[in-house]
Amino acid sequence: MDRSSATALQVSGLAKAYKDVRAVDGLSFEVRRGEIFGFLGPNGAGKTTTIKLMCGLLRPDAGTVSINGSPVRPGGRGGLKTIGLSPQSIVIWETLTCREQLEFAGRMYDLSRTAARDKARELLQAFGLQDKRDKLGKTLSGGMQRRLNIALALVHDPEILFLDEPQAGLDPQSRVLVRDYIRGLAKKTTVVLTTHDMEEAEKLSDRVCIIDRGKLLVLDTVAGIKNRLGRGDVVEVEIAEDIRTSLLPFVPGLRPDAPGVSLTEHALSLVSDEAGRILPEILQAVKARGLALEHVRVRAATLEDVFIQLTGRGLRE
Amino acid sequence: MRIPAIFLKTFRENIREWKILVLALVFGPFFVYLMYFYYGAASPSYNLIVLDKDQAVSRADGPPLHVGKDVREKWAEAKYPDGKAIFKVRSVDSREEGRRLIENREADLLVVFPPDFSRSILGYRLRTETAISPLKNIGDPSSVRFMVASSFADYISYAAVAAAAGIELPEAVEFQGIGSGKSPSDFDLYVPALLVLAIIMVLFTAAASIIKEVDKGTITRLVLSKLRPFDFLTAVSLNQVLIGIAALVLTYASAVSVGYRGRGSLLLILLVGALALLSVIAISVIVAAWMRTIFELLTVGVFPFFILMFFSESMFALPRITLIPLGGHSLYVNDILPTALAVKAFNKILNFGAGLGQVSFEIAGIAVLTVLYFAVGLWLFHRRHLRPR
């Protein structure tokens, strides 16, 4: 199969509003078979609503979703065996043991008793829950519950796996474990991943889609996005004085409203492929004005820089 | 194949959430012992108190006439068919004392004999008087025991006074009880309703089993799987029938342990019980359709619980308001609650030894209502919790 062209998931003109709020506003994109698709956006951007629409858990106001060429019918009988969903909130059966709930979930997808048992054993092992297999869900730590939450989405070997914030609340060891597992899935399973952890998204995703206020802002590979929007380096400068009044007016080549410039009271961040020219101008102005330089750094642009550049620094919730 | 898996899962959850389970199981027995404590040991005899001011009068042709004393003796001798006394008779010295006893519910009926009671009867017999001085019955009109005690007491006193006054009563009335023939205590009369009360408690465990999936979000996992609402509700219902049957048996066993003896077949009780349980589960699906959290169930959900409890006559009898006559039976307003029909069926089976044929109307009624409520519940549950919004 040609991995690069085969479409696993197609979203066309998807829209959903809650009263006056347009949570999803005409989204269209495709997810290729077997890729890990990073689905990013700030809080309230419409990620979870979009995932629910893609899973058929919500009825869209407009647009269509199709999986492997077949339209997703919201509320269609018989379930969507091709889909696995690990929701953002932890959704487990608190009074069943880890093993029992994995086996039960398998049985709900018509796995035989033996197959469900084998799959449960495999997933408990894979997610480091083997020692906790006979512990009730409610007695697990938050991190363990999160791992179980992901494992429950995998009992039926779905073709498309939706992971909504899978790494929230995980310790570093668990993050590595989950990351490695997701990477291991990529060959055979299409993964749609939402996360606020840009580093994680950058490490895992084949392609990234950034949305805000229900609209698609950008969709490309991480390198492609950085090349288009975050080309060059990031210059970070921090001074003790108010940077807008005491420094910026004295750097001729730097406008506060220029693309790639982010400001707080004392700090400046600039994404530019002309960092080598602008930084000496800044430092010269600092010296000439007798300002107290607290921090200066030049580094390569990351996905987070692009994300902030696209969605802004303002808090959403 | 999914139904056994859901059944096993729900069974495990019920066992592990043992507090709700224990509540459902002990609710009926608890009320049995509570009612027995208050009513069970009480005698079926009515407490009759007498303020006897009647003075004996001498007669030329015989011993002195003291009808008040005679009537009191007749009351004391009156017995039910099983030999138990109908009245416990005692005297008071003043109307105030009698009134206090009535108000404290230590007595059911106070009868006041006027001072000239015997004199007026003798005069009536000798045609020198045209009327007999009346007795006064005093009691709490809201008390059923006052009404019943008055009826019995009046019947006996009429006969005694008529004999003393030389009046020939136009007819004699003979009392014949149906059922076991023994005089039931108030507790005995409560037992059928207490069995239904145990069944109604399943409303909480059944609704909780369903709402929990919505409350915790696990309904999403079930919706995404191949599970059908029918599979889920069938498995939950089977579990709840088991819990309900256990509660029913425990409640009945508790009643038996304090001396209650029902007359009908235990199998028939279980059959009616199982059907009534299914109907309560069907109602709990409707309740679950309107709720989203366990908290809502334990607060707002109390309302349908009380509706079932009161209008099924589980606590006290209600006036009969006929809805429609149906095949030689009357369908009353509260019969739209299957538990009301269950109370009637249990009453017929336990107190009158009714067989299957004699409770077939109630059984058919419960079955029809169960199907109806399940259909409504399934539709509502699907619409509110399973359908994409």
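Now for a quick tour of the structure. (Residues numbered from 1 in each chain as written. Chains lettered and ligands numbered in written order. Predicted model: local features only at pLDDT ≥ 70, side-chain atom pairs only at ≥ 80, totals over all residues. Heavy atoms only, no water.)

Some remarks on helix 1 (residues 2-16) of chain B
Residue and element names in this part refer to chain B. We apply this condition: Secondary structure elements follow DSSP: runs of H or I no shorter than four residues count as helices, runs of E no shorter than two count as strands, and numbering proceeds from the N terminus. Here the expected length of a helix is defined as 1.5 Å per residue gap, with one fewer gap than residues. Think of it in three bands: residues with accessible area under 20% of the maximum for their type are buried, residues over 50% are exposed, and the middle band is partly exposed, with areas taken using a 1.4 Å probe on protein chains only. Here, the arc refers to the directions that run from the helix axis to the C-beta atoms.
Relative to the 21 Å expected for 15 residues at 1.5 Å per residue, helix 1 spans 21 Å between its end C-alpha atoms, a close match to the ideal helical length. For helix 1, the set of buried residues is Arg2, Ala5, Ile6, Lys9, Thr10, Glu13 and Asn14. Looking straight down helix 1, one finds that the buried residues subtend no more than 165° of arc, so they occupy a single side.

Examining the state of the cysteines
By definition, a disulfide links the sulfur atoms of two cysteine residues through a covalent bond. Residue and element names in this part refer to chain A. Formally: A pair of cysteine sulfur atoms is labelled a disulfide when the two atoms are within 2.5 Å.
Counted according to the given criterion, the structure contains zero disulfides over all chains. Residue Cys55 stays outside any disulfide, its sulfur separated by 15 Å from that of Cys209, the closest cysteine. Residue classification places Cys55 among the buried residues on the basis of a relative accessible area of 2%.

Quick notes on the sheet that holds strand 7 (residues 160-164) of chain A
Residue and element names in this part refer to chain A. What counts, and what does not: Paired strands are those between which DSSP finds at least two bridges. A fitted line through C-alpha atoms represents every axis, and for helices the fit uses only the stretch in contact; the resulting angles, taken between N-to-C directions, go from 0 to 180 degrees.
Taking strand neighbours across the sheet as the criterion, the six strands line up as 6-7-8-3-9-10 in an open arrangement whose pairing is mixed. Because the sheet does not close on itself, it has two edges, and the strands there are strand 6 (83-86) and strand 10 (215-220). Across the sheet, the mean angle separating the axes of adjacent strands is 15° when strand polarity is ignored. Two strands pair when backbone bridges link them, and strand 6 and strand 7 are joined in this way by four bridges, in the parallel orientation. When the sheet's bridge partners are listed, Gly84 is paired in strand 7 with Leu161.

Some details on the packing of aromatic side chains
So the rule is basically this: Pairing of aromatic rings covers Phe, Tyr and Trp, the last counted by its six-membered ring, and requires centre-to-centre distances within 6.5 Å; plane angles under 30 degrees mean stacked, over 60 mean edge-to-face, and any other angle means tilted. In this scheme, the term charge over a ring applies when either NZ of a lysine or CZ of an arginine sits within 6 Å of the ring centre and within 35 degrees of the ring normal.
Applying the stated criterion across every chain yields a total of 19 aromatic pairs over all chains. Between Phe30 of chain B and Phe31 of chain B, the aromatic rings sit 5.6 Å apart at their centres with planes inclined by 90°, giving edge-to-face as the arrangement. Pairing Tyr80 of chain B with Phe152 of chain B gives two aromatic rings, centres 6.3 Å apart and planes at 90°, and the pair type is edge-to-face. Of this pair, Tyr80 of chain B sits in the loop between helix 3 (67-77) and strand 4 (87-91) while Phe152 of chain B sits in helix 6 (residues 144-165), placing them 72 residues apart in sequence. Relative accessible area serves as the criterion here: at 15%, Tyr80 of chain B is assigned to the buried category. Within the aromatic cluster, the residues linked to one another by ring pairs are Phe27, Phe30, Phe31, Phe204, Phe305, Phe306 and Phe310 of chain B. Lying across the ring of Phe250 of chain A, Arg289 of chain A places its NZ or CZ 4.0 Å from the centre.

Structural notes on the interface of chain B and chain A
How big an interface is tends to be stated in terms of accessible area lost as the parts join. For the record, the criterion: A contact between two residues is defined here by any heavy atoms of the two lying within 4.5 Å. What gets called buried area is simply the loss in accessible area from a 1.4 Å probe that two parts show on being joined, summed for both. A pairing counts as a salt bridge when a side-chain nitrogen of Lys or Arg comes within 4 Å of a carboxyl oxygen of Asp or Glu. Contacts described as polar in this section are N or O atom pairs within 3.5 Å, which, within protein, must combine one atom able to donate a hydrogen with one able to accept it, while residues neighboring in sequence count only if both atoms come from side chains. In this count, Pro and Cys sit with the nonpolar residues alongside Ala, Val, Leu, Ile, Met, Phe, Trp and Tyr, while Asp, Glu, Lys and Arg are called charged and the others, Gly among them, polar.
Facing the 24 residues of chain B at the interface are 32 residues of chain A. Together, the buried faces of chain B and chain A total about 2,600 Å²; carbon and sulfur atoms form 61% of this surface. Close ionic contact of Lys216 of chain B with Glu94 of chain A constitutes a salt bridge, the shortest N to O distance being 3.5 Å. The interface formed by chain B and chain A contains 11 residue pairs in polar contact (both at pLDDT 80 or more). Elements represented by at least two residues in the side of chain B that touches chain A include exactly helix 1 and helix 9 (218-224) of chain B. If you tally residues by element for the side of chain B that touches chain A, the top one is helix 1 of chain B, at seven residues. Along the lines of polarity and charge, the residues of the side of chain B that touches chain A split into eight nonpolar, four polar and 12 charged.

A few points about unusual backbone geometry
All names here are of chain A. Its identity as a non-glycine residue notwithstanding, Lys19 has a phi of 55°, on the positive side. Along the chain, Lys19 turns up in the loop between strand 1 (7-18) and strand 2 (21-32). A relative accessible area of 84% means that Lys19 is categorised as exposed. Phi at Asp110 is positive, roughly 65°, even though this residue is not glycine.

Some details on the nonpolar core
Here is the rule: Nonpolar core, defined: a set of buried Ala, Val, Leu, Ile, Met, Phe, Trp, Tyr and Cys residues in which side-chain atoms within 4.5 Å join the residues together.
In terms of nonpolar packing, the biggest core is built from 142 residues, with Leu9, Met54, Leu102, Phe127, Phe162 and Val192 of chain A together with Phe346 of chain B touching the most fellow members. Leu9 of chain A has contacts with Phe29, Glu30, Val31, Met54, Val65, Ser66, Ile67, Ile160, Phe162 and Val192 of chain A, leaving out every residue within four places of it along the chain. Within the second largest apolar cluster, 26 residues are counted, among which are Ile86, Phe87, Leu122 and Ala164 of chain B.

A look at the environment of Pro172 of chain A
All names here are of chain A. Structurally, the position occupied by Pro172 is in helix 5 (residues 172-185). Its relative accessible area of 57% is what places Pro172 among the exposed residues. As a C-alpha pair, Pro172 and Pro280 span 108 residues in sequence and 38 Å in three-dimensional space.

Quick word on a nonpolar patch on the surface
Residue and element names in this part refer to chain B. Selection rule: Each patch is built from residues lacking any salt bridge and having more than 30% relative accessible area; the joining distance is 9 Å for like charges and 5 Å for nonpolar side chains (Val, Leu, Ile, Met, Phe, Trp, Tyr). What sets the accessible areas is the Shrake-Rupley method with a 1.4 Å probe; for residues, cover comes only from the shown protein chains.
Taken together, the side chains of Ile321, Leu323, Ile324, Leu326, Val333 and Ile336 make up a nonpolar region of the molecular surface, amounting to roughly 510 Å² of accessible area. Of note, Val333 is situated in the loop between strand 8 (329-332) and helix 14 (338-352). By relative accessible area, Val333 is classed as partly exposed at 38%.

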